[in-house]
Structures are given as structure tokens and as C-alpha cells.
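Spelled out, the chains give:
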Protein chains: 2
Amino acid sequence: MTKPCIICVAITGSLPTKANNPAVPITVAEQVESTQEAFEAGATIAHCHVRNDDQTPSSDPERFARLLEGLRKHCPGLIVQFSTGGRSGAGHARGGMLSLRPDMASLSVGSNNFPTRVYENPPDLVDWLASEMLAHEVKPEIEAFDLSHIVQATRMAADGRLKSPLYVQFVMGVKNAMPADREIFDYYIQTLRRLAPDAEWCGAGIGANQIVLNEWSIAAGGHTRT
Amino acid sequence: MTKPCIICVAITGSLPTKANNPAVPITVAEQVESTQEAFEAGATIAHCHVRNDDQTPSSDPERFARLLEGLRKHCPGLIVQFSTGGRSGAGHARGGMLSLRPDMASLSVGSNNFPTRVYENPPDLVDWLASEMLAHEVKPEIEAFDLSHIVQATRMAADGRLKSPLYVQFVMGVKNAMPADREIFDYYIQTLRRLAPDAEWCGAGIGANQIVLNEWSIAAGGHTRT
Ligand SMILES: [Zn+2]
Ligand SMILES: [Zn+2]
Ligand SMILES: [Zn+2]
Ligand SMILES: [Zn+2]
């Protein structure tokens with residue numbers, strides 16, 4: 001294959017603590033060090049969450065600013081992607097760090113169930129986050145937890161709420177949402193190609209499905225999340 | 001075609017008032033009369049919501065009981081389906097009428113965006129509604145607003161939370177959820193056939209998409225909602 005595969009690394013996530021795994025980088029210094037290792041090992045994008053001192057999820061722009069500064073310094077050329085996911089804050093707090101102008105930010109354009117709750121992304125919040133990304137020239141990574149999220153992203157690109165070409169991540173293996181289903185994975189690719197031929201995509205599997213989605217994505221010519 | 005097409009009629013819905021359309025039946029007496037006309041015109045299933053005196057949505061079991069009684073009397077053989085949708089109540093109130101043992105009830109097994117809000121069906125509520133339907137021998141109509149909802153229903157059937165064969169309604173034309181997309185409609189049918197070969201399905205289009213989904217569904221050998 002001549003097209004390079006982009007590896008996106010999620011260093012910290014929003015939930016795991018040192019009690020779950022002592023190797024999880026929590027402080028900004030730990031995150032910068034851990035990201036640098038991944039960057040040197042070949043990661044192109046770093047998907048970033050920040051944490052409070054007690055390890056709980058945070059959306060504090062000041063912490064994001066320090067992380068961005070550390071990554072710019074230690075990983076020149078790394079594409080920094082901030083999470084706007086729902087665990088670290090509510091409402092507009094989820095996008096308060098976009099004015100820092102990271103290279104990318106995650107963006108959910110629909111709602112779905114998670115293992116024990118509803119992952120809520122109300123339409124007005126989605127539109128506001130998208131407009132903030134346009135205003136600050138932040139490239140969104142669309143998090144597609146279901147088929148309609150792919151379709152919705154292509155509609156938002158068509159009416160100017162998102163900029164083309166889209167970059168879409170297929171997230172599979174989420175309990176009560178979409179499992180890692182090979183036929184549906186292929187249909188995701190086919191649908192994105194039909195509705196947004198210039199889009200790029202990336203596959204992400206949750207938990208034990210990570211390696212499965214890595215294999216499927218690389219073989220199908222997409223990008224992937226580790 | 002030798003297989004009969006089931007026509008499901010939604011007489012009232014949860015929102016439209018006399019101000020929107022003077023013909024909308026609001027009181028139980030009006031609903032019974034209107035349903036009887038549809039029944040005599042060929043409807044097999046009546047999808048029912050009840051309303052308060054001020055026309056706002058209700059989930060009052062007493063009103064559902066009067067409606068059921070009227071329909072049993074005036075439409076013998078009609079399949080009565082109660083809505084457990086989220087507009088008429090919150091939490092367990094959405095299933096408070098299931099002990100009346102209607103023939104069917106609608107059941108959403110996932111969450112998604114609606115035009116201006118999140119349609120919330122948290123996993124524990126979904127499981128509770130499904131268990132109430134099992135306990136009272138009420139046949140669920142699965143409301144599939146997205147692809148993962150179809151998959152989730154087949155998983156719930158596999159582990160005993162739902163009884164097979166499934167009856168699944170594909171809902172299309174919802175702003176911010178799934179549009180009326182012909183290729184996706186075909187893929188819905190294909191996926192349901194793959195994961196639950198004995199399932200029956202029905203197509204429902206919102207607003208101007210109603211007639212579109214009627215045509216697609218009838219031509220593809222499914223059932224449909226008017
Ligand atoms: Zn994340
Ligand atoms: Zn990615
Ligand atoms: Zn309804
Ligand atoms: Zn129906």
C-alpha cells in the first residue's frame with residue numbers, strides 16, 4: 001500500500017485511574033512523557049483527555065493549555081486532538097478549550113447508549129461545538145457510534161456546519177451501542193464513500209475489540225486508534 | 001403476494017393538537033371513533049397515545065384503560081399497541097400501563113437525537129420496560145431509529161430479554177437521526193434478516209416521508225405505519 005496509515009493514540013482516556021493500571025499517565029507531565037514515547041514509536045495523532053489532581057475527568061482549559069504546550073515542545077509535528085466527550089464536562093464546558101486551537105478535536109454528532117447511561121449530544125450542543133471548531137480552525141474527528149452519525153456528519157458538511165473532507169472514526173464494541181460487526185464495518189466504509197467520497201476514516205474498537213478494529217482498519221486501507 | 005401486509009395506524013401521536021389539525025382525535029371517545037374508522041378501512045394494529053384534558057401527552061394508566069376498553073368493544077380483533085415513548089412520561093411512568101396487557105407496546109432499545117433534543121432511553125429503563133412486557137405478555141414493537149437499535153434488539157432476543165420472533169419498526173426521516181435513505185432501508189432489512197431471520201418488520205416515515213416508507217415497505221414485503 002502506498003497510502004500511509006495514520007495511527008491515533010489515546011494515552012489516558014477519561015476514566016481509568018492508577019488503581020486500574022499504574023501505567024496510566026494522569027498528570028500533564030506524565031501525559032507528555034507517555035505521548036512522546038508513542039510519537040517516537042510512530043503515532044501521528046494523540047487523542048487527549050485531561051484529569052483533575054484526584055484523577056477524575058476534567059475539561060479545564062488551563063490543563064489543556066499546559067498539555068498542548070508540552071506536546072508542541074516535545075513532539076514537534078504531532079497532531080494534537082482534544083476530546084470534547086461528555087465525561088469531562090457538560091454543555092459548553094466540553095468545548096471551552098477549543099480556542100486553544102489544537103490541531104483536531106473529537107466531535108460526536110448524535111446520541112447513543114453507553115453501557116450504563118445515555119451518551120447525550122443534543123443537537124444545539126453539536127452545532128455549537130462544530131461552529132467553535134470552524135471558528136478556531138480545529139479539524140473535527142467525527143465519532144460515529146452508529147450509522148446515522150455518519151450520515152449526519154455528511155449532512156453537516158453539505159450545509160457548511162463542517163468542513164470537507166471529513167475525518168470520521170467508526171467506534172465499535174460499545175455495549176448497548178454498536179458491536180464489532182464485520183459486515184457493518186464494511187457498510188460503514190461503503191456508506192461514507194457513497195455520501196462523502198473524499199472523507200478519510202479511522203476504526204476504533206473498545207476494550208478487547210481494539211486489536212480487531214486495528215486489523216480490520218489497516219487491511220481495509222483506513223486509519224486506526226490504539 | 002400471498003403474505004398479508006399489516007397496516008399499523010397511529011391515530012393521535014404524542015404532540016399534534018386541535019390547533020394543528022381539528023381532526024386530531026384527543027379524547028378517549030374521539031380516539032375510539034377514529035380508530036374504528038381506520039379498523040373498518042383495513043388497519044390491523046392501532047398505535048395509541050393518550051392525552052390529558054389540555055391535549056398534552058399523558059401516560060396515565062386510567063386513560064389507557066378506558067381507551068383499551070373502548071377499542072376492545074368497538075374494534076373486535078384489532079391489535080392494540082400502547083406507546084411507551086418518552087414524550088408522555090419519564091422513567092417507569094412510561095410503562096405504568098403495561099399491566100393492562102395491551103396486545104403490543106412500542107419499545108425503543110437505544111437512544112438517538114431528535115430534531116431539538118436527545119431521545120433518552122437509558123439501558124436500565126429499556127431492560128425494565130422489556131421485562132414488564134415479558135411479564136404481562138405484551139408483544140413489543142421495537143422502534144429502530146438507527147442501525148444499532150436493530151442489532152441491540154437481536155441481542156436482547158438472544159439472551160432472553162425479548163421473545164422471538166421480533167417485530168421491528170424502521171423509523172426514517174427523523175431530523176438529526178436517520179433520514180429516509182433507500183440504500184440504508186435495504187440494509188436494515190438485510191441486517192435484520194441476517195441477525196434474526198424469523199423477525200417481521202414494518203417501515204415508518206416521519207412527516208412527508210410517511211408515503212415514501214409506505215411504498216418502500218409494501219414493495220419489499222414488509223408491514224407499514226400510517
Ligand atoms: Zn476519548
Ligand atoms: Zn482516531
Ligand atoms: Zn407513537
Ligand atoms: Zn408499526
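Residues numbered from 1 in each chain as written. Chains lettered and ligands numbered in written order. Predicted model: local features only at pLDDT ≥ 70, side-chain atom pairs only at ≥ 80, totals over all residues. Heavy atoms only, no water.

Engineer: Could you give an account of the overall build of chain A, with specific residues and numbers?
Structural biologist: Helix and strand counts for chain A come out as 6 helices and 12 strands. Counting only C-alpha atoms, chain A reaches 45 × 35 × 35 Å along its principal axes. Here chain A holds 226 residues, and the buried ones make up 54% of them. Contacts in chain A between residues at least 24 apart in sequence constitute 66% of all its contacts with a sequence separation of at least 6. Just so you have it, chain A exposes about 9300 Å², and 54% of that area is on carbon and sulfur atoms. The centroid of the 20 positive side-chain charges in chain A is displaced by 2 Å from the centroid of its 25 negative side-chain charges. (Helix = DSSP H or I, 4+ residues; strand = E, 2+ residues; numbered from the N terminus. Buried < 20%, exposed > 50% of the residue type's maximum accessible area, 1.4 Å probe, protein only. Contact = heavy atoms within 4.5 Å. Areas by Shrake-Rupley, 256 points an atom, 1.4 Å probe, with all protein chains shown as cover. Lys, Arg positive; Asp, Glu negative; His and termini not counted. Charge placed at Lys NZ, Arg CZ, Asp CG, Glu CD.)

Engineer: Now, about the interface of chain A and chain B: what can you tell me, with residues and values included?
Structural biologist: The interface is formed by 30 residues belonging to chain A together with 30 residues belonging to chain B. In total, chain A and chain B occlude about 2500 Å² of area from one another, counting both sides; carbon and sulfur atoms represent 54% of this. Counting across the interface, chain A meets chain B through 4 salt bridges. Our enumeration of links across chain A and chain B arrives at 15 residue pairs in polar contact (both at pLDDT 80 or more). The set of elements that each furnish at least two residues to the side of chain A that touches chain B consists of β7 (112-113), α4 (147-158) and α5 (182-195) of chain A. The greatest single-element share of the side of chain A that touches chain B, amounting to 6 residues, is contributed by α4(A). Partitioning the side of chain A that touches chain B into residue classes produces 13 nonpolar, 10 polar and 7 charged. (Buried area = accessible area lost by both parts, 1.4 Å probe. Salt bridge = Lys/Arg side-chain N within 4 Å of Asp/Glu carboxyl O. Polar contact = N/O pair within 3.5 Å; in protein donor to acceptor, adjacent residues only side chain to side chain. Nonpolar A, V, L, I, M, F, W, Y, C, P; charged D, E, K, R; others polar.)

Engineer: Any chance you could break down unusual backbone geometry for me, citing the residues and the numbers?
Structural biologist: All names here are of chain A. A cis geometry characterises the amide bond from S164 onward to P165, with omega recorded as -5 degrees. One can find P165 in the loop between α4 and β10 (167-172). Of note, Q55 is a non-glycine position whose phi angle comes to about 80 degrees, a positive value.

Engineer: How would you summarise the coordination of the zinc ion (ligand 1) if you had to cite specific residues and measurements?
Structural biologist: Protein-derived coordination of the zinc ion (ligand 1) comes from A:H47 (NE2) and A:H49 (NE2), at a distance range of 2.1 Å. Comparing A:H47 with A:H49 shows no difference in burial state: the two are buried. (Donors = N, O, S within 2.8 Å, 3.2 Å for Na, K, Ca; no water.)

Engineer: Any chance you could break down the pairing of strand β6 (residues 104-107) of chain B for me, citing the residues and the numbers?
Structural biologist: Residues and elements named next belong to chain B. Because side chains alternate across β6, one face comprises the buried residues M104 and S106, and the other comprises A105 and L107, equally buried. Direction of pairing for strand β5 (residues 79-82) relative to β6: parallel, over a ladder of 2 bridges. Along β6, the bridge assignment pairs F82 with A105. Direction of pairing for β6 relative to strand β9 (residues 139-144): parallel, over a ladder of 4 bridges. Following the sheet pairing, M104 is matched in β9 by K139. (Pairing = 2+ DSSP bridges.)

Engineer: Mind laying out the coordination of the zinc ion (ligand 4), listing which residues take part and the relevant values?
Structural biologist: The expected angle between donors at a tetrahedral four-coordinate metal is 109.5 degrees. At an octahedral six-coordinate metal it is 90 or 180 degrees. Residues and elements named next belong to chain B. Every protein donor of the zinc ion (ligand 4) is accounted for by E141 (OE), Q169 (OE1) and C202 (SG), and the metal-donor separations fall at 2.4 to 2.8 Å. Between consecutive donor residues of the zinc ion (ligand 4), the sequence gaps follow E-x27-Q-x32-C. You can see E141 sitting in strand β9 and its partner C202 sitting in strand β11 (residues 200-205), a full 61 residues away along the chain. With respect to burial, E141 and C202 carry one shared label: buried.

Engineer: Describe the relation of the copies chain A and chain B, and please don't skip the residues or the numbers.
Structural biologist: Each of the two chain copies can be brought onto the other by rotation about an axis and movement along it. Least-squares fitting of chain A to chain B yields an RMSD of 0.0 Å, with the transformation described by 0.0 Å of translation along the axis and a rotation of 180 degrees. Overall, the copies show the geometry of a two-fold rotation axis. Scanning chain A for the C-alpha nearest the rotation axis identifies A:N112, at a separation of 2.6 Å. The overlap is high: 100% of the interface residues of chain A also sit at the interface in chain B, so the same surface is used on both sides. (Least-squares fit on C-alpha atoms with pLDDT ≥ 70 in both.)

Engineer: Can you lay out helix α1 (residues 28-40) of chain A for me, pointing to particular residues and giving the numbers?
Structural biologist: All names here are of chain A. Helix length check: α1 (13 residues) gives 18 Å between terminal C-alpha atoms against 18 Å at 1.5 Å per residue, within 8%. On its buried face, α1 sits against β1 (7-10), β2 (45-48), β3 (50-51) and α2 (61-74). Just beyond α1, the residue with positive phi is G42, at close to 120 degrees. (Expected span 1.5 Å × (residues − 1).)

Engineer: Can you lay out the environment of A:A90 for me, pointing to particular residues and giving the numbers?
Structural biologist: Position of A:A90 relative to the elements: it lies in the loop between β5 (79-82) and β6 (104-108). Considering only alpha carbons, one finds A:A90 and A:S59, 31 residues apart in sequence, at a separation of 9.1 Å.

Engineer: Tell me about the packing of aromatic side chains, and please be specific about residues and values.
Structural biologist: Under the definition given, this model contains 19 aromatic pairs over all chains. Ring centres of A:Y187 and B:Y187 lie 3.6 Å apart, and the angle between their planes is 0 degrees; this geometry places the pair in the stacked category. Here B:Y187 lies in helix α5 (residues 182-195) and A:Y187 lies in helix α5, a pairing that spans two chains. The residues A:Y187 and B:Y187 share a single accessibility class, namely buried. A centroid spacing of 4.4 Å and a plane angle of 40 degrees characterise the contact between B:F64 and B:F82, whose relative ring orientation is tilted. With B:F64 in helix α2 (residues 61-74) and B:F82 in strand β5, the pair connects residues that are 18 residues apart, well separated along the chain. For B:F82, a relative accessible area of 0% puts it in the buried group. One aromatic cluster in this structure is built from A:F170, A:F185, A:Y188, A:W201 and A:W216. (Phe/Tyr/Trp six-rings, centres within 6.5 Å; stacked < 30°, edge-to-face > 60°.)

Engineer: Help me get a handle on the sheet that holds β9(B), residues and values and all.
Structural biologist: Sheet strands pair by backbone hydrogen bonding; their relative direction is either parallel or antiparallel. All names here are of chain B. With respect to topology, 8 strands assemble into a closed barrel ordered β1-β2-β5-β6-β9-β10-β11-β12, the strand pairing being parallel. Looking at each pair of strands side by side, their axes are set apart by 25 degrees on average, direction ignored. Here α5 sits on the sheet in contact with β10 (167-172) and β11, set at roughly 165 degrees to β10. (Axes fitted to C-alpha atoms, helices over the stretch in contact; angles between N-to-C directions.)

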